[in-house]
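Chain by chain, the residues:
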Amino acid sequence: MAIRKVVKIGEEMLRKKSKPVKDFDEDLWQLLDDMRETMYKNDGMGLAAIQVGVLRRAVIIDVNGLFAELINPKIIKTEGEDIGEEGCLSVGKFQGRVARPMKVTVEAFDRYGYPFSITGEKLLARCLCHEIDHLDGVLFVDKSLDKDKYFKSGR
Ligand code: NI
């Protein structure tokens, strides 16, 4: 395992759309292992492959002790709305409120290519939505209710 460099906002890479994972092979496992180490090293709750410079649809999360790897994730159901603070390892210190679904169901594949689904509420739902947004080049600051504060702060 190795810690990889986290891509920061302002780098063009972060705005690209990630491509589906096709090969559930050792390269993917290495990537996921490195992502996990990188996330923990940076005290993150989630990380998308694009944040370590790999344009593949793979994300990991660790919310309240629940660790999961989601390959080619798709949100298939959402319910309600919840407003809460978010941050991002690619953004730095800024945290801002974002409206997310209260509850989401996501279908994905595990590292071996087996399909599964996960349903999460509140923080877990938020984290899943945030990471999946990364795969389409979307950052939480784009959607944040506090985005004026962020963009005015002159970063
Ligand atoms: Ni993020």
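The coordinates are above.
These numbers come from a predicted model, not from an experiment.

**Describing the pattern of salt bridges**
Phase 1 of the analysis: As enumerated under the stated definition, the model contains 14 salt bridges in all.
Phase 2 of the analysis: A salt bridge links Arg 126 to Asp 82, with the shortest nitrogen-to-oxygen separation between them at 3.2 Å. With a gap of 44 residues between them, Arg 126 in helix H2 (residues 122-134) and Asp 82 in strand S4 (residues 82-88) connect regions that are remote in the sequence. Residues Arg 126 and Asp 82 agree in their burial class; the two are buried.
Phase 3 of the analysis: Look at the salt bridges and you will find they share partners, linking Asp 82, Glu 86, Arg 100, Arg 126, Asp 133 and Lys 143 into a network.

**A look at the coordination of the nickel ion**
Phase 1 of the analysis: Looking at the nickel ion, one finds its protein donor set to be Cys 88 (SG), His 130 (NE2) and His 134 (NE2), positioned 2.1 to 2.3 Å from the metal centre.
Phase 2 of the analysis: When the donors of the nickel ion are listed by position in the chain, the intervening gaps give C-x41-H-x3-H. Of the two residues, Cys 88 sits in strand S4 while His 130 sits in helix H2, which places them 42 residues apart along the sequence.

**Focus on the nonpolar core**
The tendency in soluble globular proteins is for nonpolar side chains to be buried side by side.
Phase 1 of the analysis: Ile 61, Leu 70, Val 104, Val 106, Ile 118, Leu 124 and Leu 128 are the most contacted members of the largest nonpolar core, which has 18 residues in total.
Phase 2 of the analysis: Within the residue set of this core, elements represented by two or more residues are strand S2 (58-63), strand S3 (66-79), strand S6 (103-109) and H2.
Phase 3 of the analysis: Filtering out sequence-adjacent residues up to four positions away, Leu 124 remains in contact with Ile 61, Val 63, Leu 66, Ile 118 and Thr 119.

**With respect to a negative patch on the surface**
Phase 1 of the analysis: Where like charges cluster on the molecular surface, the negative patch consists of Asp 23, Asp 25, Glu 26 and Asp 27.
Phase 2 of the analysis: Position of Glu 26 among the secondary structure elements: in helix H1 (residues 26-41).
Phase 3 of the analysis: For Glu 26, a relative accessible area of 61% gives the class exposed.

**Considerations on unusual backbone geometry**
Phase 1 of the analysis: Here the phi dihedral of Asp 43 falls at roughly 55°; this positive angle occurs in a residue that is not glycine.
Phase 2 of the analysis: By the element assignment, Asp 43 lies in the loop between H1 and strand S1 (46-48).
Phase 3 of the analysis: Looking at Asp 43, the relative accessible area reads 69%, which means it is exposed.
Phase 4 of the analysis: Of note in this structure, Lys 122 is not a glycine but carries a positive phi near 50°.
Phase 5 of the analysis: Its place among the elements puts Lys 122 in helix H2.

**With respect to the packing of aromatic side chains**
Phase 1 of the analysis: Tallying each qualifying case throughout the model produces five aromatic pairs.
Phase 2 of the analysis: When the centroid spacing of 6.4 Å and the interplanar angle of 45° are considered together, the rings of Tyr 40 and Phe 67 count as tilted. Here Tyr 40, found in helix H1, pairs with Phe 67, found in strand S3; they are 27 residues apart in sequence, far enough to count as distant.
Phase 3 of the analysis: Here Phe 94 and Phe 140 contribute two aromatic rings whose centre-to-centre distance is 6.2 Å and whose plane-to-plane angle is 15°, an arrangement assigned as stacked. One end of the pair, Phe 94, is in strand S5 (residues 92-100); the other, Phe 140, is in helix H3 (residues 140-143), with 46 residues separating them in the sequence.
Phase 4 of the analysis: You can call Phe 94 buried: its relative accessible area is 18%.
Phase 5 of the analysis: Residue Phe 140 is classed as buried on the basis of its relative accessible area, which comes to 2%.

Here is what the cut-offs are and how they apply
- Residues numbered from 1 in each chain as written.
- Predicted model: local features only at pLDDT ≥ 70, side-chain atom pairs only at ≥ 80, totals over all residues.
- Heavy atoms only, no water.
- Salt bridge = Lys/Arg side-chain N within 4 Å of Asp/Glu carboxyl O.
- Helix = DSSP H or I, 4+ residues; strand = E, 2+ residues; numbered from the N terminus.
- Buried < 20%, exposed > 50% of the residue type's maximum accessible area, 1.4 Å probe, protein only.
- Donors = N, O, S within 2.8 Å, 3.2 Å for Na, K, Ca; no water.
- Core = buried A, V, L, I, M, F, W, Y, C linked by side-chain atoms within 4.5 Å.
- Contact = heavy atoms within 4.5 Å.
- Patch = residues over 30% accessible without salt bridge, like charges linked within 9 Å, V, L, I, M, F, W, Y side chains within 5 Å.
- Areas by Shrake-Rupley, 256 points an atom, 1.4 Å probe, with all protein chains shown as cover.
- Lys, Arg positive; Asp, Glu negative; His and termini not counted.
- Charge placed at Lys NZ, Arg CZ, Asp CG, Glu CD.
- Phe/Tyr/Trp six-rings, centres within 6.5 Å; stacked < 30°, edge-to-face > 60°.

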